[in-house]
2 protein chains.
Amino acid sequence: MAIVYNFSAGPAVMPKEVLEKVQRELLSYKNSGMSVMEISHRSSLFADIQKNAEGNLRKLMNIPDEYDVLFLQGGATLQFTMAPMNLAINKKKIDFVDTGHWAQRAIEEARLVDGIEVTQITSGADSKYTSLPEIDDSLQEDADYVHITLNNTIEGTAFKIVPTFKEVPIIGDMSSNILGQRYNVTDFGMIYAGAQKNIGPAGLTVVIIRHDLVEKSPDLPAMLSYKKLVAKNSTLNTPPVFAIYCAGLVFEWLLAQGGVDEMEKRNRKKSKLLYDYLDSSSVFQSPVAIESRSLTNIPFVTGNAELDKQFIALANDNNLVGLKGHRLVGGMRASLYNAFPIEGVEKLITVMEKFELEHKEVD
Amino acid sequence: MAIVYNFSAGPAVMPKEVLEKVQRELLSYKNSGMSVMEISHRSSLFADIQKNAEGNLRKLMNIPDEYDVLFLQGGATLQFTMAPMNLAINKKKIDFVDTGHWAQRAIEEARLVDGIEVTQITSGADSKYTSLPEIDDSLQEDADYVHITLNNTIEGTAFKIVPTFKEVPIIGDMSSNILGQRYNVTDFGMIYAGAQKNIGPAGLTVVIIRHDLVEKSPDLPAMLSYKKLVAKNSTLNTPPVFAIYCAGLVFEWLLAQGGVDEMEKRNRKKSKLLYDYLDSSSVFQSPVAIESRSLTNIPFVTGNAELDKQFIALANDNNLVGLKGHRLVGGMRASLYNAFPIEGVEKLITVMEKFELEHKEVD
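What counts, and where the lines are drawn
Residues numbered from 1 in each chain as written. Chains lettered and ligands numbered in written order. Predicted model: local features only at pLDDT ≥ 70, side-chain atom pairs only at ≥ 80, totals over all residues. Heavy atoms only, no water. Domains from an automatic or database assignment. Contact = heavy atoms within 4.5 Å. Buried area = accessible area lost by both parts, 1.4 Å probe. Salt bridge = Lys/Arg side-chain N within 4 Å of Asp/Glu carboxyl O. Polar contact = N/O pair within 3.5 Å; in protein donor to acceptor, adjacent residues only side chain to side chain. Helix = DSSP H or I, 4+ residues; strand = E, 2+ residues; numbered from the N terminus. Nonpolar A, V, L, I, M, F, W, Y, C, P; charged D, E, K, R; others polar. Least-squares fit on C-alpha atoms with pLDDT ≥ 70 in both.

**Overview of the domain arrangement of chain A**
Residue and element names in this part refer to chain A.
No. 1: Domain annotation for chain A reports domain 1 (17–257) and domain 2 (259–359).
No. 2: With 25 residues of domain 1 at the contact, the number on the domain 2 side is 27 residues.
No. 3: Summed over both sides, the interface between domain 1 and domain 2 buries roughly 2200 Å², with carbon and sulfur atoms accounting for 52% of that surface.
No. 4: Remark: the boundary between domain 1 and domain 2 carries one salt bridge.
No. 5: R182 is paired through a salt bridge with D261; the nearest N and O atoms lie 3.1 Å apart.
No. 6: Remark: the boundary between domain 1 and domain 2 carries 18 residue pairs in polar contact (both at pLDDT 80 or more).
No. 7: Secondary-structure elements contributing two or more residues to the side of domain 1 that touches domain 2 are β7 (157–158) and α7 (241–257).
No. 8: It is α7 that provides the largest number of residues to the side of domain 1 that touches domain 2, a total of four residues.
No. 9: Classifying every residue of the side of domain 1 that touches domain 2 gives eight nonpolar, 13 polar and four charged.

**Section: the relation of the copies chain A and chain B**
Comparison of the two chain copies shows a relationship of rotation about an axis with a shift along it.
No. 1: The two copies are related by a screw motion: chain A maps onto chain B through a turn of 180 degrees and a shift of 0.0 Å along the axis, at an RMSD of 0.0 Å. In short, the pair behaves as if placed about a two-fold rotation axis.
No. 2: A share of 100% of the interface residues of chain A reappears at the interface of chain B, consistent with the copies meeting face to face through the same patch.

**Some points on the interface of chain A and chain B**
It is common to give the size of an interface as the accessible area that goes away when the parts come together.
No. 1: In this complex, chain A contributes 59 residues to the contact, which on the side of chain B involves 59 residues.
No. 2: In terms of surface lost to chain B, no three residues of chain A exceed Q23(A), M37(A) and E38(A), which account for 14% of the buried area on that side.
No. 3: Put simply, chain A and chain B have zero salt bridges between them.
No. 4: Applying the counting rule to chain A against chain B returns 15 residue pairs in polar contact (both at pLDDT 80 or more).
No. 5: For the side of chain A that touches chain B, the elements supplying multiple residues, two or more each, are α1 (16–24), α3 (75–87), α4 (101–111) and α7 of chain A.
No. 6: Element by element, the count of residues in the side of chain A that touches chain B is highest for α1(A), at five residues.

This is the structure in structure tokens:
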């Protein structure tokens, strides 16, 4: 069958070589006679999977020893609750940078944790989140941490440089651009990311957290406690074995491709191709301010909901799927994660050019 | 290679036909050109997967309409926290039946939820949990619910009949025998189960909950709120797509095999074979009282830790894996879940007989 290009925002395209390896060894992992889904999480087979996955993630992101790596469940949304419960414990105050939908979801969830004071120190609302708000360290008030959504999947914005806030740690939601561009882990107190974009299948959340922050956390229910989860090396109960195995294969693939710097180079190239076309098109445009644009999530519109719909149908007919924009903003969105090939961007632009030509003639 | 029989307590053996189907369609689900791991959780492809999985689970367990079915993450351990937060809200009291390790873990976690009074109304501690405690409805005190671990994976005990407690709902942990024997859903306020034993791969938790209990729950963080998760039909955030897909295939397989009653028949046959052998052996024995014995988890011992070790090594040499007992109790354990074939029990007994013969000669 024809090649399908999957632009979904997540769950999203995975490296073909990884999927082929999963398929090859699905019935018998390492000649054990058992599927990787059937092996015990207390077996040496799984211990090696987890150890290698963590080791390779540390290599890819240059994670120093003073940071713990956790493989959890519940998605970024559970982190919206866990971070406040575990880390907003001295001042019981969190400062939020409001960059759009997911930042607001993090704010809403923090407000549901008893006794936490939430301050929105800056917001992109004035620009309808089409550009990132200005941040400087004078903004930071008196908080346990500042929360930032590094890449805004729906709005298509991303911080290239991480702001600093004196001594206050930054907790970063990196769900949609982890491993897709270079950040310094040491700029953060904690980083978290749902796996289903750049890491692997849905059902896994990666948390990278500075050990001194873990140690201070209170006596919480086990599955909500970074301290207890770190103490049990993410196997406090049965971890999502298959998802960790897939993530491990993706990390190996990333290393073989040249790591995060190579991914950033490719993602810049892919996104530049699309942004350049959008900026020259008379039918399609990017609603996002140039300096705020994401490398991984690129929303675009015609400015006419009926035309948007027609284009999405045409794209589908051309095996370009998952282009429908998020229900909150409409239009289209191309998510160009690490595993998304440049050929898919080229094909998208070809189809957009065709559509543009037809709709120029109509005008 | 030789057939391997996997006696692991979980993650555990899955039906071969299911694994083969997963393998066949891993690169292109329903000719979509995308792996099931790559499809959006908002796509109609996934909506159908979830709808069919829920429908088939309802058929298998005769789940009435007034019960909601949730596909969650975090394992049974997160339910130890969520159930108290959501359901112990009027009297703020929970009664627990102490049947061993996992019941105690549920008790410990309930104690970590603010303002909950926990009462252990009965305990199997006197018998070292080798038999189930007596229960009658006079035991129930004045609680929001009574918590029971239906099948005790480590101790090898299981309730065949669900006790009643007048008007007080029962919350049942059915992680290790859900779908392996018949229970009436209507005997429970809520049932929960980690998937990694009788349902599918680790990383999925099934919750079946009476709707009136859901409606009363307070305004909790989204991922900890049954009410909010029910309102969003388990897709409040990205669900574990692949695990739900696999669970759906297992449910289809169970229906094709004849459903829960057929599974119970087979599990009775498999476990009887092993219990009969154990009760006649001069080397191996079951530590569990006959009337309390589990159909799915069968611990056994020689009474000599060195012999246990030798037997486990011999079993491994014969491709019988995962027989090492839980670290808390030692010895051996054979977990005979739905997907475990009777041929594996027969082979185990053959190897046990051989071992017995050798050790009779030594004596």
